[in-house]
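# Close look at the chain arrangement
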Amino acid sequence: MTLYVILILLILLQAGIIAFLIWQSRSDTKLMKSVSETTPESVRKFYNETTDKFLQVYGEIIQAFRTRDVADYLQYTLQSMDVREGMTVIDAGCGVCGPACYFAKQINDLKIHAVTVSDYQVQLAQQKIGEQGLAERVEVKQGDYQQLDKLYPEEFADRVFFLESFGHSNDKEQAILSAYRVLKPGGKLYIKDLFLRESNNEWEQQRINDIATQINLAYQYQICDLHQVVSAIRRAGFLIDFIRPPQVERDKFEHLTISNDFQNLFNIGKIESWDDYVFPVDFFEIRATKPEFNPSRDIHLYFMNRQDATQVVE
Ligand SMILES: C[S@@+](CC[C@H](N)C(=O)[O-])C[C@H]1O[C@@H](n2cnc3c(N)ncnc32)[C@H](O)[C@@H]1O
C-alpha cells in the first residue's frame, strides 16, 4: 500500500516537472514575441496610414538614427554591410525604396530585391523606381519579411539587411531563420535597429521599459532585446562579424531631431514631459555571416574559407 502511494506521488512529481519545463520553454520563446502584440497585418495598416506623414518629415529614408546629410549615412551603411558590385541583396522592410534606389545608383550591377508589408509603400516605391530608371535593378514586392524563404529561393542572396525595420517583427526568431535560408553560404545578415537599454537602477529600468512600451504602441514596434536577437542569430548558425553602435562621426550625427519633429507634428509617440524621461534605447548594427560550410554536417569546424569548403565537399 505504502509502495503504491509512493509510486503515485512519484508519477505526480514527474508530471509536475514536465508541466513546469513545458511552461518554461513556452515563456522563453514568448520573450522574443512579447511587449506589444504587433502583427504583420497591424504593421501594414500602420504604414498604409502613416507613410505620407513619414515622407513629409523623414523624406524617403525612414530611419531615426542618421547623419544630417542622410547620404553620408547611406554611404556608411553600404560599407558596413560590405555590399559590392554584382551582388544580389534583399532589403527586408524597404519603406518606399529610398535606401534601395540610392544603393543601386552607387554600386554597379547591384540587384536589389526589396520587400515591405505595406501595399501603399509598394505603390510609391514602384513609381519612384520607374522615375529613376531603376526597374532592372530594384524589384519591390509586398510580403512578410518573416517568411523570406517563401518569397525567395534558398541560397539566393549575398546580403539580407533590415534597416530600422527588424523591430517591427513579432517573431524575430523566424525572421532570422528565414534570412539564413535565403542567404548563400558566405552571405551576410545585417540588422541596424533600436535595442532596449539596460540599467542596474530599478527606477531607471522601469522608466526605460515604460517609455519603450509607449514607443512600441505608437509605432507598432517591439523594440529588440539585444541578448535575444544575438542568441537567435547564433542559434540559426550565423557567425557574428560585429555588434556595435553605427560608427558615425559625432559632428555628422543628426541627434534624432527628426524623430522629435515627427512626434510633435503628428502627435505619434509624443513625449509629454521630459521631467522623468530616460532615453530608452541604444542603436546598434549587427552583422553576421552564414558559414561557407554546413554547420550541422561539419560540426567540428569553426572558420573555413571557400577553398577549404570546396575541398571538404570534394
Ligand atoms: C521604419 S521603416 C524603414 C524603411 C526603410 N528600411 C528605410 O530605411 O527607409 C520600417 C519598414 O519595415 C517594414 N516592415 C515592418 N514589418 C514588416 C514585415 N513583417 N514584412 C515586411 N516589411 C515589414 C515596413 O513596411 C516599413 O517599410
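Residues numbered from 1 in each chain as written. Predicted model: local features only at pLDDT ≥ 70, side-chain atom pairs only at ≥ 80, totals over all residues. Heavy atoms only, no water.

Looking now at the confidence of the model for the protein. Mean pLDDT over the protein: 89, with 88% of residues reaching 70 or higher. Averaged over each element, pLDDT in the protein is lowest for helix 11 (residues 306–313) (50) and highest for strand 1 (residues 88–92) (99). The low-confidence segment residues 25–35, where pLDDT is below 50, has 13 contacts with residues more than four positions distant or belonging to other chains. (pLDDT = per-residue confidence, 0-100. Helix = DSSP H or I, 4+ residues; strand = E, 2+ residues; numbered from the N terminus. Contact = heavy atoms within 4.5 Å.)

Look at any regular strand and the pattern is simple: side chains alternate between the two faces of the sheet. In terms of burial, strand 7 (residues 281–289) is a largely internal element, eight of the nine residues being buried. Where strand 5 (residues 183–196) lies against strand 7, nine bridges are found, and the strand directions are antiparallel. Paired with tyrosine 190 across the bridge in strand 7 is arginine 287. Pairing geometry for strand 6 (residues 239–244) and strand 7, over five bridges, is antiparallel. In the sheet register, isoleucine 240 faces strand 7, and the bridge partner there is alanine 288. (Buried < 20%, exposed > 50% of the residue type's maximum accessible area, 1.4 Å probe, protein only. Pairing = 2+ DSSP bridges.)

Taken in spatial order, the seven strands make up an open sheet running 3-2-1-4-5-7-6, and their pairing is mixed. Across the chains shown, the open sheet's two edge strands, defined by having one partner strand only, are strand 3 (138–142) and strand 6. Strand-to-strand twist across the sheet, computed as the mean angle between neighbouring axes with direction ignored, equals 15°. Bridge count between strand 2 (residues 111–116) and strand 3: five bridges; the pairing is parallel. (Axes fitted to C-alpha atoms, helices over the stretch in contact; angles between N-to-C directions.)

Let us now look at the packing of aromatic side chains. Applying the stated rule across the entire model yields 22 aromatic pairs. Pairing phenylalanine 162 with phenylalanine 166 gives two aromatic rings, centres 5.1 Å apart and planes at 80°, and the pair type is edge-to-face. With respect to burial, phenylalanine 162 and phenylalanine 166 carry one shared label: buried. The interplanar angle of 70° and the centroid separation of 4.9 Å between the aromatic rings of tryptophan 274 and tyrosine 277 together place this pair among those described as edge-to-face. On the accessibility criterion, tryptophan 274 (55% relative accessible area) is exposed. Site record: aromatic cluster; members linked through ring pairs are Phe46, Tyr47, Phe54, Tyr58, Tyr219, Phe262 and Phe266. Between lysine 141 and the ring centre of tyrosine 152, over which it is positioned, the NZ or CZ distance is 4.5 Å. Over the face of the ring belonging to tyrosine 180 we find lysine 290, whose NZ or CZ atom lies 4.6 Å from the ring centre. (Phe/Tyr/Trp six-rings, centres within 6.5 Å; stacked < 30°, edge-to-face > 60°. Lys NZ or Arg CZ within 6 Å of the ring centre and 35° of its normal.)

In the neighbourhood of the ligand, 20 residues make up the surrounding shell, with Ile62, Gln63, Gly93, Thr116 and Gln121 lying closest. Measuring from an oxygen atom of the ligand, one finds a side-chain N or O atom of glutamine 63 at 2.8 Å. Split by residue class, the shell around the ligand holds nine nonpolar, eight polar and three charged. (Near = heavy atom within 4 Å. Polar contact = N/O pair within 3.5 Å; in protein donor to acceptor, adjacent residues only side chain to side chain. Nonpolar A, V, L, I, M, F, W, Y, C, P; charged D, E, K, R; others polar.)

Turning our eyes to something else, we now look at the pairing of strand 4 (residues 157–163). Among the seven residues that make up strand 4, seven are buried, leaving the element largely enclosed by the rest of the structure. Two strands pair when backbone bridges link them, and strand 4 and strand 5 are joined in this way by six bridges, in the parallel orientation. Of the residues in strand 5, the one forming a bridge with arginine 159 is lysine 188.

On to the packing of helix 2 (residues 40–58) against helix 10 (residues 257–266). Across the interface, helix 2 lies against helix 10 with an axial gap of 10 Å and an inter-helix angle of 130°. If you check the angle between helix 2 and helix 10, you find them oblique. The element helix 2 and its partner helix 10 pack so that their crossing is right-handed. Listed contacts from helix 10 to Lys53, Phe54, Gln56, Val57 and Tyr58 of helix 2 are Ile258, Ser259, Asp261, Phe262, Leu265 and Phe266. (Parallel < 35°, antiparallel > 145°, perpendicular 65-115°, else oblique. Left-handed = near helix turned anticlockwise from the far one by under 90°.)

Our next topic: unusual backbone geometry. Phi at aspartate 109 takes a positive value of approximately 60°, unusual for a residue other than glycine. As for its position among the elements, aspartate 109 is in the loop between helix 4 (98–106) and strand 2. Classification of aspartate 109 as exposed rests on a relative accessible area of 58%. The phi dihedral of glutamine 220 falls on the positive side, at around 55°, and the residue is not glycine. Mapped onto the fold, glutamine 220 is located in the loop between helix 8 (202–219) and helix 9 (226–236).

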